[in-house]
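# Chains, contacts and geometry: an overview
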Amino acid sequence: MTKKSSRLPGFYRLSLAERANMVAEWANLSPEDVDILTGRGLKNEQANAMIENVVGTYELPFGIAANFQINGRDYLIPMVVEEPSVVAAISHAAKLIRAGGGFQTEATKPVMIGQIQVLDIPDMDAALDALNANKANLLERANCCDKVMVRLGGGARDLEFRPFPETPVGPMLIVHLLFDVRDAMGANAINTCVEDLAPVIADLTGGRTNLRILSNLADRRTATASGIIPAAALTKDDLDGAEVAQWIAEANAFAVVDPYRAATHNKGIMNGIDAVCLATGNDWRAIEAGAHAYAARNGRYTALTDWHVNENGDLYGEITLPMAVGIVGGATKVHPIAKVAMKILDVQTATELAQVMAAVGLAQNLAAIKALATVGIQKGHMRLHARQVAMAAGASGAQVQQIADQLVAEKKIHIDRARELLRG
Ligand code: MEV
């Protein structure tokens, strides 16, 4: 494979069309792909086949984050997001991590959990004995539900039995099916399997099954990313890099101990991950649910990241979170823009996509806490926000930047002032 660099100096200064062409060249996009990206991507009839009661489509900006190097390979990251600063900030953070050798990532096998709720069990101990004695048969039966997945190397891996002796409705048993879903997000595969297994489990336990559904706390399917930023790379103007590294570690510690801060800290992480989920047609609600539940796995909600100053005085960062993303099925293969996003990313497996997502989360978090620990986020954010305010006031074309600049200069980023300026 030819080595391509995701460093795109001056990319932000190009026109939209120039940027699209540059990405097209980088990712070998066809002219049709570029049309889809820059024109109207999702047609009414496609939208109509995706959900119910469709009356139209809704568009969002599609941006490209630069500078990512993950396990030695360069990636351009497609991001769909409405919030200003997210794409610029993550590209800056990826550049800092690049200075320390780029991201190192890894992921578990893509094992999802399906849950079966069993109630009215006459004898819990006998039920557990029966289930344990029949584990092999149950796993075999689960594999019969999805022969394609098994042929691809996935399939049932284990069963876990979790009794809850006291619940608001009496004792219940929760059966977990652990199933490797390969390159799928896996919801359909898992839900089919647990629905099929439930009657057998009811027979074996003498109980009654109720819910049969996957768990979004996909803690057997996690991705980890880490990176080092040399302290020197954090030196800027009158800021000393070693000090900045320490302030970032302090910012992380705040989120580790305080759930009020952790919620915001993790929201910043998800700014990046959700944007890639949206771009690639993945289920961002599933990823959100998994991330926040995982952040509370030890009984107290905490940060998903660790940032500390390492023995060399450099800044080390790491993130681990559940990452149930797929590259086959769902909107990934239906939404025309998601298909182009997948071409830009050029990942070969869902596990590779999961690792990219983890790197994105870590970089987005670094960008946020570095800004917060130094200049504050309002400075950069308000400049971009001013453009939105100018547009909301009715500015168009070159006026947008002129009005925005004036609002920033006056430190009055308000729609009323923008309207006054427009009236002249
Ligand atoms: C804003 O969308 C995200 C941040 O609040 C994240 C953070 O505080 O770490 C800047």
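Residues numbered from 1 in each chain as written. Predicted model: local features only at pLDDT ≥ 70, side-chain atom pairs only at ≥ 80, totals over all residues. Heavy atoms only, no water.

## Re the packing of helix H9 (residues 241-257) against helix H10 (residues 259-280)
Using the following cut-off: Helix axes are fitted to C-alpha atoms over the stretch in contact, other axes to C-alpha atoms as well, and angles between N-to-C directions run from 0 to 180 degrees. The way it works is that DSSP assigns letters per residue, a run of H or I at least four long becomes a helix, a run of E at least two long becomes a strand, and they are numbered from the N terminus. In this scheme the handedness of a crossing depends on how the near helix is turned from the far one: anticlockwise by less than a right angle means left-handed, clockwise means right-handed. Note on contacts: a residue pair is in contact if any heavy atoms of the two residues lie within 4.5 Å.
Following both chains from N to C, one finds H9 and H10 inclined at 120°, their axes separated by 6 Å at the closest point. Considering how the two elements wind past one another, H9 and H10 form a crossing that is left-handed. Contact residues: H9 offers Asn252, Phe254, Ala255 and Val257, while H10 offers Pro259, Arg261, Ala262 and His265.

## Structural notes on the nonpolar core
Nonpolar side chains in soluble globular proteins tend to be buried together. Using the following cut-off: The set of buried Ala, Val, Leu, Ile, Met, Phe, Trp, Tyr and Cys residues whose side-chain atoms join them within 4.5 Å is what this entry labels a nonpolar core. Think of it in three bands: residues with accessible area under 20% of the maximum for their type are buried, residues over 50% are exposed, and the middle band is partly exposed, with areas taken using a 1.4 Å probe on protein chains only. Note that domain bounds follow an automatic or database assignment of domains.
Counting residues in hydrophobic clusters, the biggest one holds 91 residues, and the most contacted among them are Phe68, Ile77 and Leu177. Considering every element that reaches this core, the biggest residue donor is helix H13 (residues 350-373), with twelve residues. Each of two domains, domain 1 (11-104 + 226-371) and domain 2 (111-214), supplies a minimum of three residues to this core. With sequence-adjacent residues up to four places away left out, Leu177 is seen in contact with Met112, Ile113, Gly114, Leu139, Ala142, Ala156, Asp158, Leu159, Cys193, Val194 and Leu197. Judged by nonpolar contacts, the second largest core, of 17 residues, contains Ala27, Ile64, Leu76 and Ile337.

## Quick notes on the domain arrangement of the chain
Accessible area lost on assembly of the parts is the figure often given for the size of an interface. The domains assigned to the chain are domain 1 (11-104 + 226-371), domain 2 (111-214) and domain 3 (380-423). The straight-line distance from the C-alpha centre of domain 2 to that of domain 3 is 57 Å.

## Quick notes on the site of the ligand
Keep this limit in mind: Nearness here has a simple test: a residue counts as near a molecule or strand if at least one of its heavy atoms is within 4 Å of that partner. N or O atoms closer than or at 3.5 Å make up a polar contact, with two conditions inside protein: a donor-capable atom paired with an acceptor-capable one, and, for residues adjacent in sequence, both atoms drawn from side chains. Here, Shrake-Rupley sampling with a 1.4 Å probe gives the accessible areas, and only protein chains in the shown set may cover a residue. By the convention adopted, Pro, Cys, Tyr, Trp, Phe, Met, Ile, Leu, Val and Ala count as nonpolar, Lys, Arg, Asp and Glu as charged, and the other residues, Gly among them, as polar.
Close contacts around the ligand come from Glu83, Arg261, Thr264, His265, Lys267, Gly268, Asn271, Ala368, Leu372 and Ile377, and that covers them all. Between the ligand and Lys267 there is a distance of 2.7 Å, counted from an oxygen atom to a side-chain nitrogen or oxygen. If the ligand stood free it would expose 300 Å²; the protein chains cover 85% of that surface. Elements represented by at least two residues in the shell around the ligand include exactly H10 and H13. The dominant element in the shell around the ligand, judged by the number of residues it contributes, is H10, at six residues. Looking at the shell around the ligand, its residues break down into three nonpolar, four polar and three charged.

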